[in-house]
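Residue-level listing of the chains:
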Amino acid sequence: MGNVLQIRVMAKTYDESQVDKKWPLLVALAWAEPRAKGRSHGVIELVEDLKDKLELGMLSKAEEELLGELIRKSFNVKLRIEDALGDWKASEANTASFDLEDLLDELEKKVVKDK
(Lines give C-alpha, C1' and ligand atoms only; values in the text may rest on other atoms or scores of the structure.)
Protein backbone atom coordinates (compact mmCIF):
# COMPACT_ATOMS: atom_id res chain seq x y z
CA MET A 1 0.00 0.00 0.00
CA GLY A 2 1.36 3.38 -0.95
CA ASN A 3 1.61 6.48 1.18
CA VAL A 4 -1.04 8.30 -0.84
CA LEU A 5 -2.94 5.45 -2.52
CA GLN A 6 -4.70 3.19 -0.07
CA ILE A 7 -6.01 -0.24 -0.92
CA ARG A 8 -9.18 -1.20 0.96
CA VAL A 9 -11.24 -4.33 1.11
CA MET A 10 -14.90 -3.55 1.76
CA ALA A 11 -18.41 -4.91 1.72
CA LYS A 12 -21.03 -3.08 -0.32
CA THR A 13 -24.51 -4.01 -1.49
CA TYR A 14 -24.35 -4.20 -5.26
CA ASP A 15 -28.08 -3.78 -5.90
CA GLU A 16 -29.94 -2.04 -3.09
CA SER A 17 -33.31 -2.97 -4.60
CA GLN A 18 -32.54 -6.56 -3.59
CA VAL A 19 -32.56 -5.48 0.06
CA ASP A 20 -36.10 -4.13 -0.43
CA LYS A 21 -37.22 -7.36 -2.10
CA LYS A 22 -35.60 -9.76 0.35
CA TRP A 23 -36.45 -8.01 3.64
CA PRO A 24 -39.35 -5.59 2.96
CA LEU A 25 -40.65 -5.56 6.54
CA LEU A 26 -37.22 -4.90 8.02
CA VAL A 27 -36.69 -2.12 5.47
CA ALA A 28 -40.01 -0.55 6.48
CA LEU A 29 -39.03 -0.85 10.14
CA ALA A 30 -35.62 0.74 9.59
CA TRP A 31 -36.29 3.46 7.03
CA ALA A 32 -39.09 5.96 6.71
CA GLU A 33 -40.20 7.04 3.26
CA PRO A 34 -38.95 9.04 1.51
CA ARG A 35 -35.46 7.80 2.24
CA ALA A 36 -32.56 10.15 2.77
CA LYS A 37 -30.85 10.84 -0.54
CA GLY A 38 -27.12 10.53 -0.92
CA ARG A 39 -26.93 7.69 1.59
CA SER A 40 -26.63 4.01 0.82
CA HIS A 41 -29.48 1.71 1.80
CA GLY A 42 -27.77 -1.65 1.63
CA VAL A 43 -27.40 -4.62 3.93
CA ILE A 44 -24.81 -3.02 6.23
CA GLU A 45 -26.85 0.17 6.58
CA LEU A 46 -30.00 -1.84 7.30
CA VAL A 47 -28.28 -3.61 10.19
CA GLU A 48 -26.78 -0.39 11.52
CA ASP A 49 -30.09 1.46 11.39
CA LEU A 50 -32.03 -1.36 13.04
CA LYS A 51 -29.46 -1.41 15.86
CA ASP A 52 -29.69 2.39 16.20
CA LYS A 53 -33.48 2.25 16.43
CA LEU A 54 -33.24 -0.49 19.04
CA GLU A 55 -30.70 1.39 21.15
CA LEU A 56 -32.50 4.72 20.85
CA GLY A 57 -35.81 3.21 21.99
CA MET A 58 -37.47 3.84 18.63
CA LEU A 59 -38.96 0.35 18.44
CA SER A 60 -42.12 -0.58 20.29
CA LYS A 61 -41.72 -2.70 23.41
CA ALA A 62 -43.15 -5.67 21.51
CA GLU A 63 -40.70 -5.18 18.61
CA GLU A 64 -37.83 -4.79 21.04
CA GLU A 65 -38.70 -8.03 22.83
CA LEU A 66 -39.31 -9.93 19.60
CA LEU A 67 -36.37 -8.64 17.55
CA GLY A 68 -33.83 -7.19 19.97
CA GLU A 69 -31.60 -10.22 20.41
CA LEU A 70 -31.43 -10.97 16.68
CA ILE A 71 -30.75 -7.31 15.84
CA ARG A 72 -27.82 -7.34 18.28
CA LYS A 73 -26.53 -10.63 16.81
CA SER A 74 -26.81 -9.17 13.31
CA PHE A 75 -24.84 -6.11 14.34
CA ASN A 76 -22.14 -8.32 15.87
CA VAL A 77 -21.85 -10.26 12.61
CA LYS A 78 -21.55 -6.95 10.76
CA LEU A 79 -18.64 -6.13 13.07
CA ARG A 80 -17.12 -9.55 12.28
CA ILE A 81 -17.30 -8.72 8.58
CA GLU A 82 -15.62 -5.37 9.11
CA ASP A 83 -12.90 -6.90 11.29
CA ALA A 84 -12.21 -9.64 8.74
CA LEU A 85 -12.03 -7.13 5.91
CA GLY A 86 -9.77 -4.88 7.96
CA ASP A 87 -7.43 -7.86 8.40
CA TRP A 88 -7.66 -8.67 4.65
CA LYS A 89 -9.44 -11.95 5.38
CA ALA A 90 -11.96 -11.88 2.55
CA SER A 91 -12.96 -15.53 2.95
CA GLU A 92 -13.89 -14.99 6.62
CA ALA A 93 -15.87 -11.90 5.64
CA ASN A 94 -17.62 -13.89 2.94
CA THR A 95 -18.62 -16.60 5.44
CA ALA A 96 -19.88 -13.96 7.85
CA SER A 97 -21.91 -12.34 5.05
CA PHE A 98 -23.92 -15.54 4.70
CA ASP A 99 -24.39 -15.62 8.48
CA LEU A 100 -25.64 -12.04 8.36
CA GLU A 101 -28.13 -12.73 5.59
CA ASP A 102 -29.40 -15.79 7.48
CA LEU A 103 -29.99 -13.64 10.58
CA LEU A 104 -31.83 -11.03 8.50
CA ASP A 105 -33.98 -13.81 7.02
CA GLU A 106 -34.80 -14.95 10.55
CA LEU A 107 -35.63 -11.39 11.61
CA GLU A 108 -37.91 -10.92 8.60
CA LYS A 109 -39.78 -14.13 9.47
CA LYS A 110 -40.29 -12.92 13.05
CA VAL A 111 -41.72 -9.64 11.80
CA VAL A 112 -44.06 -11.52 9.45
CA LYS A 113 -45.31 -13.71 12.31
CA ASP A 114 -45.90 -10.60 14.42
CA LYS A 115 -48.03 -8.89 11.75
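Residues numbered from 1 in each chain as written. Predicted model: local features only at pLDDT ≥ 70, side-chain atom pairs only at ≥ 80, totals over all residues. Heavy atoms only, no water.

Approximately 220 Å³ is the volume attributed to the largest pocket. Lining the largest pocket, in full, are Ala11, Lys12, Thr13, Val43, Ile44, Ile81, Ala93, Asn94, Ser97, Leu100 and Glu101. Those elements giving two or more residues to the lining of the largest pocket turn out to be helix H3 (43-55) and helix H5 (90-114). Broken down by element, the residue count for the lining of the largest pocket peaks at five residues, all from H5. (1 Å grid on protein atoms, 1.4 Å probe; cavity = no way out; pocket = protein on both sides within 12 Å on 5 of 7 lines; lining within 4 Å. Points joined across faces, edges and corners; volume = space filled by probe spheres on them. Helix = DSSP H or I, 4+ residues; strand = E, 2+ residues; numbered from the N terminus.)

For H3, spanning 13 residues, the distance from its first C-alpha to its last is 19 Å, which sits close to the expected 18 Å at 1.5 Å a residue. Within H3, ten of the 13 residues are buried, which leaves it mostly tucked inside the rest of the structure. All of the buried residues along H3 are Val43, Ile44, Glu45, Leu46, Val47, Asp49, Leu50, Lys51, Lys53 and Leu54. Count one or two residues on from H3 and you reach Gly57, which has phi positive near 75°. (Expected span 1.5 Å × (residues − 1). Buried < 20%, exposed > 50% of the residue type's maximum accessible area, 1.4 Å probe, protein only.)

Turning next to the nonpolar core. Grouped together as the largest cluster of nonpolar side chains are 29 residues, with contacts concentrated most on Leu26, Leu46, Leu100 and Leu104. Elements that contribute at least two residues to this core include exactly helix H2 (24-30), H3, helix H4 (61-86) and H5. When residues of this core are assigned to their parent elements, the largest contribution, eight residues, is made by H4. Once you skip the residues sitting within four places of it in the chain, Leu100 turns out to touch Val43, Ile44, Val47, Ser74, Val77 and Ile81. (Core = buried A, V, L, I, M, F, W, Y, C linked by side-chain atoms within 4.5 Å. Contact = heavy atoms within 4.5 Å.)

Once that is clear, we can look at H4. Structurally, the α-helix is built with 3.6 residues per turn, so residues lying three or four positions apart point the same way. For H4, built from 26 residues, the straight-helix expectation of 38 Å at 1.5 Å per residue is met to within 8% by its first-to-last C-alpha distance of 36 Å. Largest kink in H4: about 55°, centred on Leu67. Three or more residues of H4 are buried, namely Glu63, Leu67, Gly68, Leu70, Ile71, Ser74, Phe75, Val77, Lys78, Ile81, Ala84 and Leu85. Positioned one or two residues after H4, Trp88 has a phi angle of 60°, which is positive. (Bend = angle between axes of the 7 residues up to and from the residue.)

Across the protein chain, the average pLDDT comes to 92, with 97% of residues at or above 70. Per-element confidence in the protein chain is highest for H3, whose mean pLDDT is 97, and lowest for H5, whose mean pLDDT is 93. (pLDDT = per-residue confidence, 0-100.)

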